[in-house]
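# An overview of the molecular structure
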Amino acid sequence: MMIRPQDRLQQMSRPESANLFVKNLAGTIGDDRLREMFAPFGTITSAKVARSESGESKRYGFVCFGTDADAARKAMFYMNGRLIAGKPIYVNVAQKKEQRTKLLAAQFSKSQDTPDERDEPKVSGLVGDDQVML
């Protein structure tokens with residue numbers, strides 16, 4: 001699901017914490033590299049890449065700037081979509097699962113209320129240069 005630019009700006013303007021969620025990490029990125037990537041934006045209190053029981057990277061992690069919401073906001077703005085090890089990373093405010101579920105449910109119900117372009121019939125005319133597609 002794609003987050004609309006206005007929703008992203010709203011999230012960035014008032015992060016609930018200085019804890020960021022980072023996904024689409026290359027498997028070679030560890031805790032130290034994650035910390036290095038985000039260090040230019042402020043003092044990091046923790047940087048952790050999630051790992052499986054076997055120690056393999058789950059390719060996502062968390063970066064916490066303590067209580068420095070401005071540093072988190074800057075990091076989100078500059079790092080989201082940036083290519084790291086050939087992959088664009090996704091950076092957003094970390095949310096508890098229940099909070100994220102409520103937000104997604106609200107967005108889904110809102111999207112169900114708007115007409116979908118795919119529901120409109122397409123009318124075609126002649127084949128070739130005179131073809132008409134509406």
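Residues numbered from 1 in each chain as written. Predicted model: local features only at pLDDT ≥ 70, side-chain atom pairs only at ≥ 80, totals over all residues. Heavy atoms only, no water.

## A few points about the environment of Arg73
- Looking at where Arg73 falls in the secondary structure, it is placed in helix α3 (residues 69–79).
- Taking the C-alpha atoms as reference points, Arg73 and Asn92, separated by 19 residues in sequence, lie 8.9 Å from one another. (Helix = DSSP H or I, 4+ residues; strand = E, 2+ residues; numbered from the N terminus.)

## What about the packing of aromatic side chains?
- Under the definition given, this model contains 6 aromatic pairs.
- On the numbers, 5.6 Å between centres and 50° between planes, the contact of Phe21 with Phe62 is tilted. You can see Phe21 sitting in strand β1 (residues 19–23) and its partner Phe62 sitting in strand β3 (residues 57–64), a full 41 residues away along the chain.
- Exposure remark for Phe21: the relative accessible area of 22% places this residue in the partly exposed category.
- With centroids separated by 6.5 Å and ring planes inclined at 70°, the aromatic side chains of Phe21 and Tyr90 adopt a geometry described as edge-to-face. Placement of Phe21 in strand β1 and of Tyr90 in strand β6 (residues 90–93) is noted, with a sequence separation of 69 residues between them.
- Tyr90 sits in the partly exposed class, given a relative accessible area of 25%.
- Here Lys23 stacks its cationic end above the ring of Tyr90, 5.0 Å away from the centre of that ring. (Phe/Tyr/Trp six-rings, centres within 6.5 Å; stacked < 30°, edge-to-face > 60°. Buried < 20%, exposed > 50% of the residue type's maximum accessible area, 1.4 Å probe, protein only. Lys NZ or Arg CZ within 6 Å of the ring centre and 35° of its normal.)

## Here's the deal with the nonpolar core
- Counting 24 residues, the largest nonpolar core has Leu34, Met37, Phe38, Phe65 and Ile89 as the members making the most contacts within it.
- For this core, the elements supplying multiple residues, two or more each, are β1, α2 (31–38), β2 (46–51), α3 and β6.
- If you tally residues by element for this core, the top one is α3, at 5 residues.
- Those residues in contact with Ile89 that sit more than four places away from it in its chain are Val22, Lys23, Asn24, Leu25, Met37, Phe38, Met79, Asn80, Gly81, Arg82 and Ile84. (Core = buried A, V, L, I, M, F, W, Y, C linked by side-chain atoms within 4.5 Å. Contact = heavy atoms within 4.5 Å.)

## Notes on the pairing of β2
- Taken together, the 5 bridges between β2 and β3 define a ladder with antiparallel strand orientation. Counterpart to Val49 in the pairing with β3 is Gly61.
- In this antiparallel pair of consecutive strands, β2 and β3, the connection spans 5 residues, and Gly55 shows a positive phi of 95°. (Pairing = 2+ DSSP bridges.)

## Regarding the pairing of β1
- Where burial is concerned, the two faces of β1 differ: the one with Leu20 and Val22 is buried and the one with Asn19, Phe21 and Lys23 is not.
- As paired elements, β1 and β3 share 5 bridges and run antiparallel to each other. Each bridged residue has a counterpart across the sheet, and for Val22 the counterpart in β3 is Gly61.
- Relative to β6, β1 is paired through 4 bridges, and the arrangement is antiparallel. When the sheet's bridge partners are listed, Leu20 is paired in β6 with Val93.

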